[in-house]
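Here's the letter readout for the chains.
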Amino acid sequence: MTDRRSRRMLLLDTSMKVLYPSILVLALYFVFAGHNRPGGGFVGGLVVGGALALRYVSGGAAAVRSTFRVPPHLFLGVGLLLSATTAFVPVLLGGSILEHGEVKFHPPVFDTVKLTSALSFDLGVDLVVIGLILMAFVAFGEDSPDAPGAADDGSDAATSRPSVRGRHDR
Amino acid sequence: MFFLLVLHLVVGIAIVAGGRVLGPRAFVVAAMPPLAMLAWAAARSSAVLDGDPVSESFAWIPQLGMSIDLRLDAFSLLMVVVVSGIGLLICIYSLGYFTHDQPGLARLAGVLVLFAGAMLGVVLSDQLIALFIFWELTSITSFLLIGNDDTNPRARAAATQAIFITGAGGLVLLAGLIIIGQAGGSYRISELLAAPPSGSAVNVGIILVLIGAFTKSAQAPFSSWLPAAMVAPTPISAYLHSATMVKAGVYLVARMAPIFAMTGNWRLVVMAVGATTMAIGGLRAMRQHDLKLLLAYGTVSQLVFMMLLLGVGEYHIAEAGLVLILAHAAFKAALFMVVGIVDHETGTREITELHGFGPSWRIVQVVAIVSAASMAGIPPLLGFIAKEKALDGYLEHGDFAGAGAVLVVIVLASMLTFAYSARFVLGLLGRFGDPAKPVVSRTAHAPGALFVGPAVVLTAITVVFGLVPGLLDELVEGATTALYPGSEPNPLELFAGFNSAMMLSVLIILGGVALTALRGPVADAQRRASEAIRRIPSSEQGYLGVLRAISATANRVTATLQNGSLPIYVAIIVLTVTLVPMVPLAGEVGALPKWVEEPVHVVLVAVIVAAALGASIVRHRIAAALMLGAVGYAMAGLYVARGAPDLALTQFSIETLSTVLFVLVLRFLPRSWRHRAPSIAGPMRIAVAGAVGVAIFVFALSSANARSSVDEPSMSEVMVESSYEEGGGRNVVNVILVDFRGWDTMGEITVLAVAAIGAVSMARAGRRRADKDAPVFEEILDAGDEPALPEALR
């Protein structure tokens, strides 16, 4: 990885210090605001993915891996579990699957905070998307370009693309 | 009735699950459901025989108007007596046959009960679809029973062959039943009988039903599975493959004949197939050296005899068929039981290895001789009553085309029946014993009372009802009237005077005696004839040929479709998903839309077209990926222009990430394309791309029209209105995703998780190749049975 080090761009590295946390805050905003304004868990996850892509460009796969202490597949599992729990809890409470619920708080500084069950569902979606992107970077980001057999992997990335886009084409 | 079927199911499953502790005594438990069925049928018999059937109906799929309608009329009663009566005797016989516990014995007993329940369902169903379900259950249980010894490759092959042929026939039958049910407006047999449907569709339907019945009853050219099924333990062969299951086809033909015998080609097909099979079965039975195979071919011949009697739609002849069902069940089950006893005590069924038995075997010999004599049609046994009645029916009431020819075939085939019955008896008595083979049968241990008892009971039935056929009058006449309402069946008689039927019976016996006396020359003639006809493929070879053809076709299809070329995969996938829905959608295209709504559209579309063309022209992979990204960004611009910020935001993020991932992967590939594709590939790609484009265009137009043609308020308005009240959010897109269509989103994120795991596994598998010790994917495939899967796939 020494050759990569020599190719590092000072401008990008420096701006990353500001950009990276800002993008993460934007992603958080998208997740929380999504219910009423443009955004949502899916977009939030993708924005985090964009931030990770920037990190990858500046620091390589090692930088991406060091971003999160937990293994990427944990994101997938926790996200799925969170969404599924949100979906099934109303059934246990005697409602129908994915039935909507909300709680309102009146903390001192903020006027009114409304927490909806949609938020935790969206957070689950968010985590799954982040997990997917992390796993893609870890899987395909590390090999040196001349690694044998890598040609086979290209087909997978190409076919997984429509599945990501599919929901918005409807 | 329904309760008793459920009882079979419950007891059967219980024995399969926990019968291992019982050992052979599992058959005692297995005997209980048939016993209960018999007791129940006996309690209802007087009312049923008076023409008052018992009916039960259970809602099954009420949404489709499907119900399980059970109906016990006199014909069903006759079949119940056969199915449950023989079943009870077989369970007792099994106690003698299976003296020691062996692996799979409990399963055998349990599935036997399940089979009995399914078979009862066939004969009790008044509804065609329910009948079909039970019909298939008998095929499946038969498959399990034939292949019960799963360590024996011959048993597995025979079981596969049986389910392949009867299963294929079952599908044909289903098609026929649906055609008939739709044409007749009812799936109830009793209603169809009251108002028989007709028309060209029904003519096709009845042929399909007949094909189904022929496969089940092992008629030419579908007969090969029945002799192969003789690999099953003898109690199973005696029960399923002689007395009951193979009669399901006969039962169906008998049920349908009163409705359809005059329709289309029903009668012609029944007579043509019947006459052919009857002769073939008899001739092949005469050439067998294995007693069990001899009986199997004899069963093929006898089953078709029943078809010829019950299938022509003439109640005088059908009455003979009903007697034959009873007579055949009694003598054939008894003969199979004798073969099982011989096999069990001497270890062989070959007539060349039998040299006669000691005096303690007298009772077995009597059973065999009496039952074989009944099969041959010698008075005063039940088989003779049936045959005499059949001849009389064809002579006196065979006033339809072809009846004379069928009568000739019946007479000739009956001579063959006499001959192979004699061969069975002579073989059992040791007349064909080869002096060079070790003599084991003379000192063979005599079977116990439990082992012989059931066969003795059956023989007693053969004799008693033969001497006093009037005892059966009520049952047979009731069953005939149930099949043919308004018929006036004649009583059964042992001696009806010196009429033409009597003369034919004498002729048959004389012919049979002659064939037996001249058995040496006859066998030589058959051997020479079989040399000559060896060129004609047998049904066994036909079955193997079909299997080979299926395998070869599958190979060719796989080689064509799974040829490893990514462009072809992509072409097949996109053409399928675009062209298949386009065909119905093309009719819905209405007015063309307004082409330009805002000036900015022109700019954005120009970018899209230019980038798309560029992506298909450039030779540099990463440049092409970037061009695709440009298409996506411009699409996002279109969304913004249409006022859909959410879509635009998502599209924009997706494009960014997918371009990055593309580059991530493409760096492993050569920088540009090497053009090794044939020159035809270019135009073909353009054609596929054009087809996809047109299809998407049509889809967009027709879906826009579909929305305007609905009278109700448009879906999008409903969603916008209810978004805040029901979903608690103002962003409609997001509320749809997490609430209205939240279940879809749940599915989609699951797919995402699976895709992520798949991508990582593939990347790891690719990396393994650098590691010399770890197996690569091809090696894993080649390794066959060895558990060499990589960690990720375990």
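Up top is the structure.
Note that this is a predicted model, so its numbers are computed, not measured.

**Q** Explain the packing of helix α11 (residues 234-243) of chain B against helix α14 (residues 291-310) of chain B here, please?
**A** For any two helices packed against each other, one specifies the inter-axial angle together with the distance between the axes. Residues and elements named next belong to chain B. Between α11 and α14, the shortest axis-to-axis distance is 10 Å and the interhelical angle comes to 20°. When the interaxial angle is binned, α11 and α14 end up roughly parallel. Judged by residue contacts, S237, H241 and S242 of α11 engage K292, L295, A296 and T299 from α14. Split by residue class, the contact of α11 with α14 holds two nonpolar, four polar and one charged.

**Q** Please explain helix α4 (residues 72-92) of chain A as it appears in this structure.
**A** Given 3.6 residues per helical turn, the α-helix brings residues three or four places apart onto the same face. Residues and elements named next belong to chain A. Under the 1.5 Å per step criterion, the end-to-end length of α4 is 30 Å for 21 residues, consistent within 8% with the ideal 30 Å. At T86, α4 is bent by approximately 30°, the largest bend along its length, and proline P90 sits one to four residues beyond. The complete set of buried residues in α4 reads P72, F75, L76, G79, L80, S83, T86 and A87.

**Q** Help me understand helix α26 (residues 621-641) of chain B in this model?
**A** Residue and element names in this part refer to chain B. Between its first and last C-alpha atoms α26 spans 31 Å; for 21 residues at 1.5 Å apiece the expected length is 30 Å, and the two agree. Those residues of α26 that sit buried are A625, M627, L628, G629, G632, A634, M635, A636 and G637. Those residues of α26 that are buried are in contact with α25 (599-617) and α27 (645-666). Immediately downstream of α26, the backbone of G643 shows phi near 80°, a positive value.

**Q** Even after reading the chapter, I still don't get the pairing of strand β1 (residues 54-61) of chain B, so can you show me in this structure?
**A** On a regular strand, each side chain points to the face opposite its neighbour's, so the side chains alternate between the two faces of the sheet. All names here are of chain B. Two strands pair when backbone bridges link them, and β1 and strand β2 (residues 66-72) are joined in this way by seven bridges, in the antiparallel orientation. When the sheet's bridge partners are listed, F58 is paired in β2 with I68. As consecutive antiparallel partners, β1 and β2 are separated by four residues, and within that stretch G65 has a phi angle of approximately 70°, a positive value.

**Q** When you look at the nonpolar core in this model, what are you seeing that I'm missing?
**A** Soluble globular proteins tend to bury their nonpolar side chains together. Of all hydrophobic cores here, the largest spans 208 residues; its most connected members are V323 and V338 of chain B. Counting residues per element, this core draws most heavily on helix α15 (residues 315-346) of chain B, which supplies 22 residues. The contacts of V338 of chain B, once residues within four sequence positions are left out, are V364, V367, A368 and A455 of chain B. Among the nonpolar cores identified, the runner-up in size contains 65 residues, and L80, L127 and F140 of chain A together with I749 of chain B belong to it.

Rules used in this analysis
Residues numbered from 1 in each chain as written. Chains lettered and ligands numbered in written order. Predicted model: local features only at pLDDT ≥ 70, side-chain atom pairs only at ≥ 80, totals over all residues. Axes fitted to C-alpha atoms, helices over the stretch in contact; angles between N-to-C directions. Helix = DSSP H or I, 4+ residues; strand = E, 2+ residues; numbered from the N terminus. Parallel < 35°, antiparallel > 145°, perpendicular 65-115°, else oblique. Contact = placed C-beta atoms within 7 Å. Nonpolar A, V, L, I, M, F, W, Y, C, P; charged D, E, K, R; others polar. Expected span 1.5 Å × (residues − 1). Bend = angle between axes of the 7 residues up to and from the residue. Buried ≥ 20, exposed ≤ 12 C-beta atoms within 10 Å, placed from the backbone. Pairing = 2+ DSSP bridges. Core = buried A, V, L, I, M, F, W, Y, C linked by C-beta atoms within 7 Å.

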